[in-house]
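Secondary and tertiary structure notes
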Amino acid sequence: MLAPILGPVVGGAILQNLHWSWIFLVNLPIGLVAFILGWRMLPQTDSGAAGRLDVLGLALLSTASSATVYGLAQLGTHSSLTAPAVLWPIAAGLLLTAIFGWHALRVERPLLDVRLYANRVFGAASLTTFGLGAALFGAMILVPLYYQEVRHESVIVTGLLVGPQGLGMLLVMPLTGRLTDRFGGGRVALVGVSILSLGTIPLALVGTSTSILAISLVLLLRGVGIGFAFMPAISAAFAALRPEQLSDATPQMNVLQRIGGAIGTAVLAVVLQRASGHAPSTAKLADAFDTAYWWSLGIAVLSLIPCLLLLRAE
């Protein structure tokens, strides 16, 4: 639970004092410790045979997501969505996604079991998770860049200034389970996304001298919204499934969250790049961040739609 707070701080310290590649290399000792602790402390259970890896499904899905994100990223250097460097990767990604869905319906143990989407609650919760991934992870790149490019803060100070968002998540996490049990995941997630959306509006109005304290309070509010949104949606999805389906549902939710985050990041990075121009002044760069955050607000508001579907399905 401390990861949303410590992550940016540790990342800033690494970037300031070590080579950037340590951002990835630091995962090796952490992963080794986690592996040893898991091996020694987690109870042994009989989960049954996992079955053969769906190699074709893995190839289709990974290529589809990579092609889609690559095509969106190419919008930063091309003026039109119909440019071949943009259009063809996105079209290929969508086509491969459709082929993966066709394939997954015809094999016994697909990489992701798309049959789970026949459950209305799980389908709505999955859409909510995808939208939240886009709204959260896409917007997460903007605040650190704003502090460094507009306010000229160091990377370690930037990591500290991003911390309030993680603190907001930490404060409400203990409450989300009880609220979800009482009111349902759809209602709690709807409140969370609404808070997230409202917390994005002030960020779309920041300038070159906006109070850092005010920005920190807004980030704290956004963290509260994120904390109320993510876990209730996932809990609602799992509660709607049979126990034997959970092993397929868990990676599915994670994949949707990551793909949503990758697409949201690519879209907002392109918006920021095109709004700032080639050699922007500090004032113009601040205006570009405002534009990117208006787009982030649009993504967050769109996430309200699957929350309403989840509420109705529950």
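Figured I'd write up the structure that's included with this text. For clarity, every value in this text was computed on a predicted model and none was experimentally measured.

Here we look at the overall build of the protein chain
In terms of regular secondary structure, the protein chain is built from 13 helices and zero strands. Taken from the N to the C terminus, the helices and strands of the protein chain come in the order α-α-α-α-α-α-α-α-α-α-α-α-α. The C-alpha radius of gyration of the protein chain comes to 20 Å, within 12% of the 20 Å expected for a compact globule of 314 residues. Dimensions of the protein chain along its principal axes, counting C-alpha atoms only, are 60 × 50 × 45 Å. Counting the 314 residues in the protein chain, one finds 42% classified as buried. Within the protein chain, contacts between residues separated by at least 24 positions form 78% of all contacts whose residues are at least 6 apart in sequence. Total accessible area computed for the protein chain in this model is approximately 16800 Å², and 70% of it derives from carbon and sulfur atoms.

Here's the deal with the packing of aromatic side chains
Within a pair of aromatic rings, the relevant descriptors are the distance that separates the centres and the angle that separates the planes. Counting across every chain of the model gives four aromatic pairs. Centroid distance Y117 to F122: 5.6 Å. Interplanar angle 45°. Geometry classified as tilted. Given a relative accessible area of 33%, Y117 falls into the partly exposed group. A centroid spacing of 5.9 Å and a plane angle of 80° characterise the contact between Y146 and F289, whose relative ring orientation is edge-to-face.

Some points on the packing of helix 9 (residues 185-200) against helix 13 (residues 304-313)
Look at helix 9 against helix 13: their axes get within 8 Å of each other, and the N-to-C directions meet at 160°. Accordingly, the angle class assigned to the pair helix 9 and helix 13 is roughly antiparallel. Considering the relative orientation of helix 9 and helix 13, their crossing is left-handed. Within the contact between the two elements, helix 9 uses G185, G186, R187, A189, L190, V193 and S194 and helix 13 uses L304, C307, L308, L310 and L311. Here the contact of helix 9 with helix 13 is composed, by residue class, of eight nonpolar, three polar and one charged.

Some details on empty space enclosed by the protein
All chains considered together, the criterion is met by one cavity of 30 Å³ or more. Empty space within the largest cavity amounts to approximately 40 Å³. Lining the largest cavity are V143, Y146, L203, V206, I215 and Y293. Classifying every residue of the lining of the largest cavity by side-chain character gives six nonpolar, no polar and no charged.

Section: the environment of A283
Examined against the element boundaries, A283 turns out to sit in helix 12 (residues 282-302). The class of A283 is partly exposed, set by a relative accessible area of 45%. Taking the C-alpha atoms as reference, A283 lies 7.4 Å from G207; in sequence the two are 76 residues apart.

Focus: the pattern of salt bridges
Should the charged atoms of two oppositely charged side chains come close, the side chains can pair. Across all of its chains, the model carries one salt bridge by this definition. With a closest N to O distance of 3.2 Å, D113 and R115 form a salt bridge. In this structure D113 comes out as buried when scored by relative accessible area, which is 13%. On the accessibility criterion, R115 (36% relative accessible area) is partly exposed.

Rules of the game
Residues numbered from 1 in each chain as written. Predicted model: local features only at pLDDT ≥ 70, side-chain atom pairs only at ≥ 80, totals over all residues. Heavy atoms only, no water. Helix = DSSP H or I, 4+ residues; strand = E, 2+ residues; numbered from the N terminus. Rg over C-alpha atoms; globule rule 2.2 N^0.38 Å. Buried < 20%, exposed > 50% of the residue type's maximum accessible area, 1.4 Å probe, protein only. Contact = heavy atoms within 4.5 Å. Areas by Shrake-Rupley, 256 points an atom, 1.4 Å probe, with all protein chains shown as cover. Phe/Tyr/Trp six-rings, centres within 6.5 Å; stacked < 30°, edge-to-face > 60°. Axes fitted to C-alpha atoms, helices over the stretch in contact; angles between N-to-C directions. Parallel < 35°, antiparallel > 145°, perpendicular 65-115°, else oblique. Left-handed = near helix turned anticlockwise from the far one by under 90°. Nonpolar A, V, L, I, M, F, W, Y, C, P; charged D, E, K, R; others polar. 1 Å grid on protein atoms, 1.4 Å probe; cavity = no way out; pocket = protein on both sides within 12 Å on 5 of 7 lines; lining within 4 Å. Points joined across faces, edges and corners; volume = space filled by probe spheres on them. Salt bridge = Lys/Arg side-chain N within 4 Å of Asp/Glu carboxyl O.

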